[in-house]
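A structural walkthrough
The chain contents come next:
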Amino acid sequence: MGQFLNLTVLVTVLVLTTVGTAYSGSFNEEFDLTWGEHRGKIFGGGKMLSLSLDRVSGSGFKSKKEYLFGRIDMQLKLVAGNSAGTVTAYYLSSEGPTHDEIDFEFLGNETGKPYVLHTNVFAQGKGNREQQFYLWFDPTKNFHTYSLVWRPQHIIFMVDNVPIRVFNNAEQLGVPFPKKQPMRIYSSLWNADDWATRGGLVKTDWSKAPFIAYYRGFNAAACTVSSGSSFCDPKFRSTFADGESQVPNELNAYGRRRLRWVQKYFMIYDYCSDLKRFPQGFPPECRRSRV
């Protein structure tokens, strides 16, 4: 209850006073297709969405609501076959030059080779906090759930309810943390063959187009912000049972073991271990990057 009260105090300080709502809804109700013309589609009575990419354009969507803390779940089935050069991005972001952002980016690859899951956190316009992973399954065969758990204490990236990364609030070390700017959910499918696959060595094979990614199972147990008003869904706290303990700012023992398993066997890049990039010393938040 204390965590919910802390959130209530915080949004009150931000002068967010009246109510909105946050719940699992249809894509028609929750999202707008924002670019790509006919390449984005909502179907199945609003329960499914697809984005496509061809030689002319990619496509994208964004949420109608803005969020300030919560857990965001989305099920994705990524571009199958030869997806080299393509990027499917799924992220939270505010707007402006000092924006905050929390990223999942799925970097396509040649047929039979694994996707790279790229993660990043921006605070007040500063990013460069990348961690990258392979997945322990083929993300093109079935839908899998990708979750962002965003709290004042930390951000947890989860795949099928398995924590893969924790970014802790290190404001006491002078590191900005995203906690004041409401963010929308965005997703896009686009061509990035200048960098996405092996640093741009492998180009998009347009003979395989259109490339298609599918979405379903959106759920937000979160605080929403709209026109200066806010409401924190009571489900915000109850949805953390499988990954976390009753201590609001910590993973439980099982969650920590799963996190270490992913980082030991599937992490392929961590900016907090890149000595060539930071010869004068790692960023201060790296002191708290481990759980």
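Just so you know, these numbers come straight off a predicted model, no measurement behind them.

Definitions and cut-offs
- Numbering of residues begins from 1 in every chain and follows the order in which that chain's sequence is written.
- This being a predicted model, a pLDDT of at least 70 is required before a residue's local features are given, and a value of 80 or more before pairs of side-chain atoms are given or counted; all residues contribute to the totals for chains, interfaces and linings.
- Where side-chain values are given, they derive from all heavy atoms of the structure, hydrogens and water being excluded.
- The helix count covers DSSP runs of H or I at least four residues long, the strand count covers runs of E at least two residues long, and both are numbered beginning at the N terminus.
- Burial status follows relative accessibility: with a 1.4 Å probe on protein chains alone, a residue under 20% of its type maximum counts as buried, one over 50% as exposed, and anything between as partly exposed.
- Whether two residues are in contact is decided by their heavy atoms, any of which lying within 4.5 Å being enough.
- A 1.4 Å probe and the Shrake-Rupley method give the accessible areas. Residues count as covered only by the protein chains that appear here.
- UniProt positions are given in the numbering used here, feature names are shortened, and annotations may be inferred rather than shown by experiment.
- One bridge is not enough; two strands pair if DSSP finds at least two bridges between them.
- Ring pairs are drawn from Phe, Tyr and Trp, using the six-membered ring of Trp, whenever the two centres fall within 6.5 Å, and their geometry is named by plane angle: stacked under 30 degrees, edge-to-face over 60, tilted for the rest.
- Counted as over-ring charges are cases with an Arg CZ or a Lys NZ within 6 Å of the ring centre that also lie within 35 degrees of the ring normal.
- Any cysteine sulfur atom paired with another within 2.5 Å is treated as part of a disulfide.

Once that is clear, we can look at the overall build of the protein chain. Counting its secondary structure elements, the protein chain contains four helices and 16 strands. Per-residue burial for the protein chain yields a buried fraction of 54% across its 291 residues. Pairs at least 24 residues apart make up 67% of the contacts formed inside the protein chain by residues separated by at least 6 positions. Counting only carbon and sulfur atoms, one obtains 52% of the accessible surface of the protein chain, whose full area is about 13000 Å².

Residues annotated by UniProt as "glycosylation site" (unreviewed entry) correspond here to Asn 109. With respect to the helices and strands, the residue Asn 109 is situated in the loop between β7 (101-107) and β8 (116-122). Setting aside its immediate chain neighbours within four residues, Asn 109 contacts Gly 81, Asn 82, Ser 83, Ala 84, Pro 114 and Thr 197.

This part covers the environment of Ser 52. If you trace the backbone, Ser 52 turns up in strand β3 (residues 48-53). Taking the C-alpha atoms as reference points, Ser 52 and Arg 39, 13 residues apart in sequence, are found 5.1 Å from one another. Once residues within four sequence positions are removed from consideration, Ser 52 is found in contact with Arg 39, Ser 57, Gly 58, Ser 59, Leu 189, Phe 211 and Ile 212.

Another point: the pairing of strand β11 (residues 154-159). A regular strand places its side chains on the two faces of the sheet in alternate fashion. Of all six residues that make up β11, six are buried, and the element is covered over most of its length. Taking every second residue as pointing to the same face, both faces of β11 are buried, with His 154, Ile 156 and Met 158 on one and Ile 155, Phe 157 and Val 159 on the other. Both strand β10 (residues 144-150) and β11 contribute to a ladder of five bridges, which runs antiparallel. In the strand pairing of β11, Leu 148 is matched with Phe 157. Adjacent in sequence and paired antiparallel, β10 and β11 are bridged by three residues. Bridge count between β11 and strand β12 (residues 162-168): six bridges; the pairing is antiparallel.

Taken as a whole and judged by the stated rule, the model has 20 aromatic pairs. Taking the centre distance of 5.6 Å and the plane angle of 35° together, the rings of Phe 27 and Phe 31 count as tilted. Seen in terms of ring centroids, Phe 31 and Phe 61 are 5.1 Å apart; in terms of plane orientation they differ by 80°. Their pairing is edge-to-face. One end of the pair, Phe 31, is in strand β1 (residues 31-35); the other, Phe 61, is in strand β4 (residues 59-63), with 30 residues separating them in the sequence. Following the ring pairs from residue to residue traces out a cluster consisting of Phe 27, Phe 31, Phe 61, Tyr 215 and Phe 218. Sitting over the face of the ring of Tyr 214, Lys 77 holds its NZ or CZ atom 5.8 Å from the ring centroid. Residue placement shows Arg 258 over the ring face of Trp 261; its charged tip is 4.7 Å from the ring centre.

In a disulfide, the sulfur atoms of two cysteines are held together by a covalent bond. Tallied over the entire structure, the rule returns one disulfide. Between the sulfur of Cys 272 and that of Cys 286 lies a disulfide, 2.0 Å long from S to S. Judged by the sign of its S-S torsion, about -80°, the bond between Cys 272 and Cys 286 is left-handed. In this pair, Cys 272 is assigned in the segment after β16 (267-270) and Cys 286 in the segment after β16, connecting sequence segments 14 residues apart. Exposure class is identical for Cys 272 and Cys 286. Each is buried.

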